[in-house]
Amino acid sequence: LIYWATIGPRTPLYQMMAAPFVMFIDRSVDSILIVNIVFMFLMGVATYWTAAMAAGPLAGGLAALIVTTYPLTIELSTLARPHALLPAATIITVLVLIQTIRHRTWPMAWLVMLCLLFVFSTHAAGFQLLAGPVAIFVLYTVFFQTAPVIPQSWGRTLGLSLIHI
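Bear in mind that the values here come from a model prediction, so they are computed numbers and not experimental data.

This brings us to the overall build of the chain. Of the regular secondary structure elements, the chain holds nine helices and zero strands. Among the 165 residues that make up the chain, the fraction classed as buried is 37%. In the chain, once contacts between residues fewer than 6 apart in sequence are set aside, the share between residues at least 24 apart is 59%. Counting only carbon and sulfur atoms, one obtains 76% of the accessible surface of the chain, whose full area is about 9,800 Å².

Attention now goes to helix α6 (residues 85-103). A turn of α-helix holds 3.6 residues, and therefore any two residues three or four places apart point the same way. Under the 1.5 Å per step criterion, the end-to-end length of α6 is 26 Å for 19 residues, consistent within 8% with the ideal 27 Å. Most of α6 sits inside the fold, with 14 of its 19 residues counted as buried. R104, located one to two residues past α6, shows a positive phi value of around 50 degrees.

The next subject is the nonpolar core. Among the nonpolar cores identified, the biggest contains 13 residues, and V96, V112 and V119 are the most heavily contacted of them. Taken together, the elements giving at least two residues each to this core come down to α6, α7 (106-122) and α8 (126-143). Setting aside chain neighbours within four positions, we find V96 in contact with M108, L111, V112 and C115. With 11 residues, the next largest nonpolar core counts Y14, I32, V35 and A88 among its residues.

Turning to its location among the elements, S77 is positioned in helix α5 (residues 71-77). Ignoring any residue separated from it by four or fewer positions in sequence, one finds S77 in contact with L33, N36, M40 and A84.

Next up on the list: the packing of helix α3 (residues 29-55) against α6. Direction vectors running N to C along α3 and α6 enclose 35 degrees, while the axes themselves pass 8 Å from each other. Both α3 and α6 take part in a crossing whose hand is left-handed. Contacts between α3 and α6 pair V35, N36, F39, L42, M43, A46, T47, W49, T50 and M53 from the former with L85, P87, A88, I91, I92, L95, I98, Q99 and R102 from the latter. Class assignment of the residues belonging to the contact of α3 with α6 gives a composition of 14 nonpolar, four polar and one charged.

Within the structure shown, the criterion is met by one aromatic pair. Relative to F118, the ring of F39 has its centre 5.5 Å away and its plane inclined at 10 degrees; by these criteria the two rings are stacked. A residue pair is termed long-range when its members are at least 10 positions apart, and F39 in helix α3 and F118 in helix α7 qualify at 79 residues. Here F39 falls in the buried class, since its relative accessible area comes to 9%.

A rise of 1.5 Å per residue sets the reference length of helix α2 (residues 12-25), with its 14 residues, at 20 Å; its end C-alpha atoms lie 19 Å apart and thus fit the reference within 8%. Taken as a whole, α2 carries its principal kink of about 40 degrees at A18; the proline P20 stands between one and four residues after it. The set of residues buried in α2 consists of Y14, Q15, A18, A19 and V22.

With respect to the secondary-structure elements, G61 resides in helix α4 (residues 57-68). Since its relative accessible area comes to 33%, G61 is described here as partly exposed.

Of the residues in the chain, 78% reach a pLDDT of 70 or more, and the chain-wide mean stands at 76. By mean pLDDT, helix α9 (residues 154-163) is the weakest element of the chain at 49, and α4 is the strongest at 92. In this model residues 159-165 is a low-confidence stretch, pLDDT under 50, and it forms four contacts with partners more than four residues away in sequence or in other chains.

Before going further, it helps to spend a moment on the environment of L62. One can find L62 in helix α4. The class for L62 is partly exposed, based on a relative accessible area of 49%. Considered as a pair, L62 and T47 are 15 residues apart in the sequence and their alpha carbons are 9.5 Å apart.

Thresholds applied
- Residues numbered from 1 in each chain as written.
- Predicted model: local features only at pLDDT ≥ 70, side-chain atom pairs only at ≥ 80, totals over all residues.
- Heavy atoms only, no water.
- Helix = DSSP H or I, 4+ residues; strand = E, 2+ residues; numbered from the N terminus.
- Buried < 20%, exposed > 50% of the residue type's maximum accessible area, 1.4 Å probe, protein only.
- Contact = heavy atoms within 4.5 Å.
- Areas by Shrake-Rupley, 256 points an atom, 1.4 Å probe, with all protein chains shown as cover.
- Expected span 1.5 Å × (residues − 1).
- Core = buried A, V, L, I, M, F, W, Y, C linked by side-chain atoms within 4.5 Å.
- Axes fitted to C-alpha atoms, helices over the stretch in contact; angles between N-to-C directions.
- Left-handed = near helix turned anticlockwise from the far one by under 90°.
- Nonpolar A, V, L, I, M, F, W, Y, C, P; charged D, E, K, R; others polar.
- Phe/Tyr/Trp six-rings, centres within 6.5 Å; stacked < 30°, edge-to-face > 60°.
- Bend = angle between axes of the 7 residues up to and from the residue.
- pLDDT = per-residue confidence, 0-100.

So, in structure tokens, the structure goes:
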């Protein structure tokens, strides 16, 4: 069944996510593009949530609008390649990292590992995209945080640390 539902040489996880759509729509490229559309929606939601935590709901809406209408993002979503999953999976992983800093529970730590596993198994460039945010997360949790709370200016601190990388 999975062999029948595959379309071309793509990563196995990407093929498995597209398999239900292939069974309903047929073996066309449109069926695999539905996976890209789902991840574009998830990227918009994760971007809104991350920016809303940092600067409020208006900033979250503006950030989600900018990210989802960015020309390169739209171009990637029209390709039947796992490249479209990278921006969405990256922002979702960064959101989960921020939530892990806030709550510091074992389920959140496991969710971080699942997000990283997902990114690494969908595309080889996932490691390059997530090395910086994961390093910031690890350094922050090891050296600066002693209790599960958000610092007063976590957005400014995270932004400054990303600039210095």
